[in-house]
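# Tertiary structure, described
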Amino acid sequence: MNLTNHVHDYRSQGEAVTTADRFRAAVDSRDLTALDGLFTEDVRLYSPVKFTPFEGRAMVLGLFGVLLRTFEDFRYVGDFAGTAETSADGDTAPATVLLFRATVNGKQIHGIDLLHFDHDGRIKEFTVMVRPQSAVQALGEAVLAGLVADGLLPAPADQ
């Protein structure tokens, strides 16, 4: 893809692309406070390690606090802008896919972040997909421990 087409694709996304760029910059710099205004109040985050979504800005920001500590050498390696149907309401919305690489507890992870935007360009739905399966398990364990440590989830009951 040449740079001219890349810029044209971004321009067609308007506010959503600006938000995606701000999101990527905040994650790259590990700046949790810069993420705050990028999400809708009722944002939903679909995780590869939890069947139901994380809901609400406070919970999603808490989750990002854990994720920014959990991932080692996290980096975005590509992006695609367009539209996609949301999970919550089935509406087609501007969307951006960010490809990433990282390490969690020694496991190499490849993944994507799918961001859906509302009419104001804020992130209303966020889906994370990760491979391979062993990395998903390592990520799930690390994130659960972080959420419990931060008081966002209760400790699992002993079995």
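See the structure printed just above.
Let me sum up the structure you'll find in this document. (Residues numbered from 1 in each chain as written. Predicted model: local features only at pLDDT ≥ 70, side-chain atom pairs only at ≥ 80, totals over all residues. Heavy atoms only, no water.)

### Digging into the nonpolar core
Counting residues in each nonpolar core, the largest one holds 39 residues, and the members touching the most others are Phe23, Leu35, Phe39, Phe64, Phe71, Ile123 and Phe126. Listed by contribution, the elements that provide at least two residues to this core are helix 2 (15-28), strand 1 (39-46), helix 4 (57-70), strand 3 (72-85), strand 4 (92-104), strand 5 (107-117), strand 6 (123-131) and helix 5 (133-149). Every residue in contact with Phe23, bar those within four places of it in the chain, is listed here: Leu35, Leu38, Phe39, Phe64, Tyr76, Leu98, Asp113, Leu115, Ile123 and Phe126. (Core = buried A, V, L, I, M, F, W, Y, C linked by side-chain atoms within 4.5 Å. Buried < 20%, exposed > 50% of the residue type's maximum accessible area, 1.4 Å probe, protein only. Helix = DSSP H or I, 4+ residues; strand = E, 2+ residues; numbered from the N terminus. Contact = heavy atoms within 4.5 Å.)

### Quick notes on the packing of aromatic side chains
Inspection of the entire model under this criterion finds 11 aromatic pairs. When the ring of Phe71 is compared with that of Phe100, the centres are 6.0 Å apart and the planes differ by 65°; the resulting orientation is edge-to-face. One end of the pair, Phe71, is in the loop between helix 4 and strand 3; the other, Phe100, is in strand 4, and 29 residues separate them in sequence. On the basis of relative accessibility, which here comes to 1%, the residue Phe100 falls in the buried class. Pairwise contacts between aromatic rings join Phe23, Phe39, Phe64, Phe71, Phe74, Tyr76, Phe100 and Phe126 into one cluster. Sitting over the ring of Phe54, Lys50 keeps its end group 4.6 Å from the ring centre. (Phe/Tyr/Trp six-rings, centres within 6.5 Å; stacked < 30°, edge-to-face > 60°. Lys NZ or Arg CZ within 6 Å of the ring centre and 35° of its normal.)

The values reported here are purely geometric and, on their own, carry no functional implication.
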